[in-house]
Amino acid sequence: MPLLTVEGLQVHFGHDDSHVQALYDVDLTIEPGEIVGLVGESGSGKTVTSLALMGLLDPRSSRIQGKAILDGKPLWNDDGERKGARKDLPMAMVFQEPMTALDPVFTVGYQLIETLRVRRGMSKSQARTESLSLLDSVGISDPKARMKAYPHELSGGMRQRVMIAIALACDPKLLIADEPTTAVDVTIQAQLLDLIKGLAKERGMAVLFVTHDLGVVAETCDRMITMYAGRIVERGPVGEVLGDPGHPYTAGLLAALPSPESRGDRLATIPGRVPAPGTIVEGCVFRPRCPFAQDECTKPQELLPLSPTREVRCIRSRELDFEGVAS
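Residues numbered from 1 in each chain as written. Predicted model: local features only at pLDDT ≥ 70, side-chain atom pairs only at ≥ 80, totals over all residues. Heavy atoms only, no water.

**Q** Explanation requested: the sheet that holds strand β10 (residues 231–237) in the structure shown.
**A** Where strands meet in a sheet, backbone hydrogen bonds hold them as pairs that are either parallel or antiparallel. A sheet is described by the order of its strands in space; here eight strands give the open sequence β6-β7-β8-β3-β9-β10-β12-β11, paired in mixed fashion. In this open sheet, the two edge strands, each paired with only one partner strand, are β6 (91–94) and β11 (304–307). Averaged over all pairs of adjacent strands, the angle between their axes in this sheet comes to 20 degrees, without regard to strand direction. The sheet contact formed by β11 and strand β12 (residues 310–312) spans three bridges and is antiparallel. Its bridge partner lying in β12, L304 is registered against V312. Its contacts with the sheet place helix α6 (residues 156–169) against β6 and β7 (174–178), and it is angled at close to 170 degrees to β6. On top of the sheet, helix α7 (residues 186–203) reaches β3 (35–39) and β8 (206–211); it is set at about 155 degrees to β8, its chief contact. (Pairing = 2+ DSSP bridges. Helix = DSSP H or I, 4+ residues; strand = E, 2+ residues; numbered from the N terminus. Axes fitted to C-alpha atoms, helices over the stretch in contact; angles between N-to-C directions. Contact = heavy atoms within 4.5 Å.)

This is the structure:
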């Protein structure tokens, strides 16, 4: 049984007389212990999907439709209103920029202890002991000293480790990681990726990894979901999708990756840009940017099975042959 099941997720921003749709019937599942990559350019709908699941969208300016069930419990009711307190949900999120997620006026120790007391009902002494253990588990040396530090006194990689520790303080069954390695160099990135993979395996924790970096997906994830303009356009096991992409958009993202063979050459690009939320495109939403578009692409597109484990939202997916990358 999947840990997370999402069916027909739609998100609208604005009010009834003036609103735009940001997500269109997003369906996804995540199994316990599975790491799923959610990929696409900025504006594709990745972060909106994550914030909707976490209940972090402002209900005064957004509206959620569809169903989401986490560990057997619905995340919201039929009106899109959050069911139960957020602190009771077995999920947590690591954000892209820890300096804006961590409170600059409180020490690392205070923020960890407060999280443990609110989320897990610990006493102050219990929370302090658990905080030291959590900091140690995410690879932070001298946890006692770090407990007294403020966020600005730590490096970028150290701050992101603290964010992961705070997320683990919630004892999540699902961790949502939104571009957690963007603000660090490649060495620290590799360490953080290894840390997240190790924690997922050790705790049996599922991870929804939001990223635009296909290299990170190849290194970290079991399955991947490609999003474009608020829609899922392809999904399947990482090795299959990267080795033989079925959608022109996924193929375009792959072609844009630098490689030793292309050294000195101009990098491939996808012309144009992701359409603004609310933009109406007849048929395939990627059609205005797709070099393989034909008249038949003006028809409505659905996710079609390409294999027993893959689905693609492209009417030409079986006749097009794209170059992948070795797994």
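Additional details are given in the paragraphs that follow.
**Q** I keep staring at the environment of R316 and nothing clicks. Help me out?
**A** Secondary-structure assignment places R316 in the segment after β12. Within the structure, the side chain of R316 is placed 2.8 Å from the side chain of E319, a separation counted as a polar contact. (Polar contact = N/O pair within 3.5 Å; in protein donor to acceptor, adjacent residues only side chain to side chain.)

**Q** How should I be thinking about the side chain of D178 in this particular structure?
**A** Here D178 shows up in strand β7. Salt bridges are absent for the buried D178, whose nearest opposite-charge side chain, K46, sits at 6.7 Å. A polar atom in the side chain of D178 sits 3.1 Å from the side chain of T47. Beyond its immediate sequence surroundings of up to four residues, D178 is in contact with T47, M93, V94, F95, Q96 and V210. (Buried < 20%, exposed > 50% of the residue type's maximum accessible area, 1.4 Å probe, protein only. Lys, Arg positive; Asp, Glu negative; His and termini not counted. Salt bridge = Lys/Arg side-chain N within 4 Å of Asp/Glu carboxyl O.)

**Q** Looking at this structure, how should I read the packing of helix α3 (residues 108–120) against α6?
**A** Between two packed helices, what matters for the description is the angle formed by their axes and the separation of those axes. Axis separation between α3 and α6 bottoms out at 9 Å; the angle between their running directions is 20 degrees. Judged by the inter-axis angle, α3 sits roughly parallel to α6. The handedness of the crossing between α3 and α6 is right-handed. Of α6, the residues touching α3 (which contributes V108, Q111, L112, T115, L116 and R120) are V162, A165, I166, L168 and A169. (Parallel < 35°, antiparallel > 145°, perpendicular 65-115°, else oblique. Left-handed = near helix turned anticlockwise from the far one by under 90°.)

**Q** How should the sheet that holds strand β1 (residues 4–15) be read in this particular structure?
**A** Ordered by their spatial adjacency, four strands build an open sheet running β2-β1-β4-β5, and the pairing between neighbours is antiparallel. For this open sheet the edge positions go to β2 (18–30) and β5 (73–74), each flanked by a neighbour on one side alone. Direction of pairing for β1 relative to β2: antiparallel, over a ladder of nine bridges. Bridge pairing in β2 places V11 opposite L23.

**Q** In this structure, what is going on with unusual backbone geometry? I would like to understand it.
**A** With the exception of glycine, the majority of residues adopt a negative phi angle, and the majority of peptide bonds are in the trans configuration. A positive phi angle, close to 55 degrees, is found at D71, a residue other than glycine. With respect to the secondary-structure elements, D71 resides in the loop between β4 (62–70) and β5. Located in the positive-phi region is D171, a residue other than glycine, with phi close to 50 degrees. On the secondary structure map, D171 appears in the loop between α6 and β7. Owing to a relative accessible area of 45%, D171 belongs among the partly exposed residues under this scheme.

**Q** In this structure, what is going on with the state of the cysteines? I would like to understand it.
**A** Two cysteines form a disulfide when their sulfur atoms are joined by a covalent bond. Under the criterion given, the structure shown has zero disulfides. Note on C284: no disulfide assigned, nearest cysteine sulfur contributed by C297 at a separation of 6.1 Å. For C284, a relative accessible area of 13% puts it in the buried group. (Disulfide = S-S within 2.5 Å.)

**Q** I'm lost on the packing of aromatic side chains in this one. Help?
**A** Counted according to the given criterion, the structure contains five aromatic pairs. Taken together, a centroid distance of 4.6 Å and an interplanar angle of 55 degrees make the contact between Y228 and Y249 tilted. Of this pair, Y228 sits in strand β9 (residues 223–228) while Y249 sits in helix α10 (residues 248–255), and the two are 21 residues apart along the sequence. Y249 matches Y228 in its accessibility class, with the two residues each being buried. Between Y228 and F286, the ring centres sit 5.1 Å apart and the planes meet at 85 degrees, which makes this aromatic pair edge-to-face. (Phe/Tyr/Trp six-rings, centres within 6.5 Å; stacked < 30°, edge-to-face > 60°.)

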